[in-house]
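Observations on chain architecture
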Amino acid sequence: MTEHNNGVTVAFALDFLDFKCHNLMLSLEPPQFITSAFTEFGKWMDGWETRRKRTPGHDWCIIQLGVPGLIHGFDVDTSFFTGNHSPYISIQAGCLDQEPPFTLEGDRTGMAASDSQMAAVAKLGSEVWPELVSVSQLQPGYSDCCHNYFKVSFSRRVTHLRLNMYPDGGIARLRVYGVGLRDWSSVSTNQDIDLVALTNGGVCLGYSDAHFGHPRNMIGLGRAANMADGWETARRLDRPKKLQADQRGILQVPGWEWAVFRLGHPGLISSVEVDTNHFKGNFPDSCRIEACTLTPEEKAQCISSRWNSGKWRVLLPPQKLRPHHIHRYGKMELKLSHPVTHVRLIIAPDGGISRLRLWGRPIPFAATLASKKWTVSKL
């Protein structure tokens, strides 16, 4: 969940040499080491490093996830912390109804938490939150052992983490892997939401090509920052030497690329956005979208067959695309009036898309299965 840096923040830290470095622990960029970089507090390190502890206890911080959800694993990266890494850590999890009232109280570089900050944290009872990772040893930050992976089996929604260091030291990066999970009890069935958004639990389950960018980027927050923040495929080698188009201007090519998504909640899609932001000379010529409703058993079969299934039905017929543009399609263009659980975005012949939005209303899964009486379409 921190992989895309989706608004994840360090809400509170017991101790830090440099608060900016502390936030770097959640940075999307790989850690780096600058030999000549020093501050008034000592060597600058690309991560979170606490002082050498000379009082009872241990160091810890509270982290607010950018996307609340189900956690499946962690990577605690100690890169470059070779003589100063944290020897042991544990990780606890909480699900808070509202954001805790933390304040940073200005620049506290080189200082511990204030009394008021400690009082705010005490109200959370974070020291007794469920433990996702028990006290575990970390390896130092040499390139062959710096990634410390932990698999997690925890079936409850998480909004905040407590990362404990024992007793002190440094961590370069914390990666939290999981699936977004929205509290659907607070969503009205009459409210249109982005059913495929990462924040609402959308997941990329498969794709044909991700040479320059992963398809999961398309369901991230906001508009893409650049091309790397979208999905881009390699150029297909089966393109005709001379391209021809039909009467609508859509190129007639033999190949295509695709990406499959599971919606965060089954729903009835009423509008679609396909955004080619930043893709000016490498956008797809056209796209189309198919959809279906799958049971868990059917989904497993589709995954094993690389989604070559006869269950797909056309949601959005082929549409000519433009560079660097948000394409919006409504009920006039969409062909399905049934709720669905999965969608497949198909682009031809290749190229890049920065964002995909599928707006609609959530429908209970039982009602979605009851409407599963469609004719099918094939690629």
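The protein appears in an unreviewed UniProt entry as Allantoate amidinohydrolase from Neolamprologus brichardi. The heading Sequence similarities (unreviewed entry) in the UniProt record of the protein holds the text "Belongs to the allantoicase family."

**What to know about the pairing of strand 19 (residues 340-348)**
Of all 9 residues making up strand 19, 9 are buried, and the element is well covered by its neighbours. Pairing between strand 16 (residues 286-292) and strand 19: 7 bridges, direction antiparallel. Along strand 19, the bridge assignment pairs glutamate 290 with arginine 344.

**Side note on the pairing of strand 16**
Counting buried positions along strand 16 yields 7 of 7 residues, so the element is predominantly enclosed. Along strand 16, one buried face is formed by Ser286, Arg288, Glu290 and Cys292 and the opposite face, lined by Cys287, Ile289 and Ala291, is buried too. Where strand 16 lies against strand 17 (residues 313-320), 5 bridges are found, and the strand directions are antiparallel. Each residue of the ladder has a partner; that of cysteine 287, found in strand 17, is glutamine 319.

**Focus: the packing of aromatic side chains**
Under the criterion given, the structure shown has 2 aromatic pairs. Ring plane angle 45° and centroid distance 6.1 Å describe the contact between tryptophan 307 and tryptophan 312, whose orientation is recorded as tilted. On the accessibility criterion, tryptophan 307 (2% relative accessible area) is buried. If you follow lysine 43 out to its NZ or CZ, it ends over the ring of phenylalanine 38, 5.4 Å from the centre. Looking at arginine 182, its charged tip hangs above the ring of tryptophan 184, at a distance of 5.9 Å from the centre.

**What to know about the confidence of the model for the protein**
Counting all residues, the mean pLDDT for the protein is 90, and 90% of those residues have values of 70 or more. Long-range and interchain partners of residues 16-21, a stretch whose pLDDT sits below 50, account for 22 contacts in this model, where long-range means more than four residues apart. In the model, residues 374-379 has pLDDT below 50 throughout and makes 21 contacts with residues more than four positions away in sequence or in other chains.

**Re unusual backbone geometry**
In this model, tyrosine 166 is joined to proline 167 through a cis peptide bond whose omega is -10°. Tracing the backbone shows proline 167 in the loop between strand 9 (158-166) and strand 10 (170-171). For tryptophan 307, which is not glycine, the phi torsion reads 65° and is therefore positive. With respect to the secondary-structure elements, tryptophan 307 resides in the loop between helix 3 (296-304) and strand 17.

**A few points about the side chain of arginine 355**
Inspection of the secondary structure assignment puts arginine 355 in strand 21 (residues 355-362). Relative accessible area serves as the criterion here: at 3%, arginine 355 is assigned to the buried category. Side-chain polar atoms of arginine 355 contact the backbone oxygen of asparagine 217, separated by 2.8 Å. Each residue touching arginine 355, except ones within four places of it in the same chain, is listed here: Asn217, Met218, Gly220, Leu221, Gly222, Arg223, Ala224, Asp229, Glu273, Val274 and Asp275.

**A closer look at helix 2 (residues 115-122)**
Within helix 2, the full set of buried residues consists of Gln117, Ala120 and Val121. One side of helix 2 holds all its buried residues, which, seen down the axis, span an arc of 95°. Projecting away from the buried face of helix 2 at angles above 90 degrees are the exposed residues Asp115 and Ala122.

**Re the state of the cysteines**
As enumerated under the stated definition, the model contains 0 disulfides in all. Summary of cysteine pairing: cysteine 146 is not part of a disulfide, and the nearest cysteine sulfur, belonging to cysteine 145, is at 6.7 Å. Looking at cysteine 146, the relative accessible area reads 4%, which means it is buried.

Cut-offs and rules
- Residues numbered from 1 in each chain as written.
- Predicted model: local features only at pLDDT ≥ 70, side-chain atom pairs only at ≥ 80, totals over all residues.
- Heavy atoms only, no water.
- UniProt positions renumbered as here; feature names shortened; annotations may be inferred.
- Buried < 20%, exposed > 50% of the residue type's maximum accessible area, 1.4 Å probe, protein only.
- Helix = DSSP H or I, 4+ residues; strand = E, 2+ residues; numbered from the N terminus.
- Pairing = 2+ DSSP bridges.
- Phe/Tyr/Trp six-rings, centres within 6.5 Å; stacked < 30°, edge-to-face > 60°.
- Lys NZ or Arg CZ within 6 Å of the ring centre and 35° of its normal.
- pLDDT = per-residue confidence, 0-100.
- Contact = heavy atoms within 4.5 Å.
- Polar contact = N/O pair within 3.5 Å; in protein donor to acceptor, adjacent residues only side chain to side chain.
- Arc of directions from axis to C-beta.
- Disulfide = S-S within 2.5 Å.

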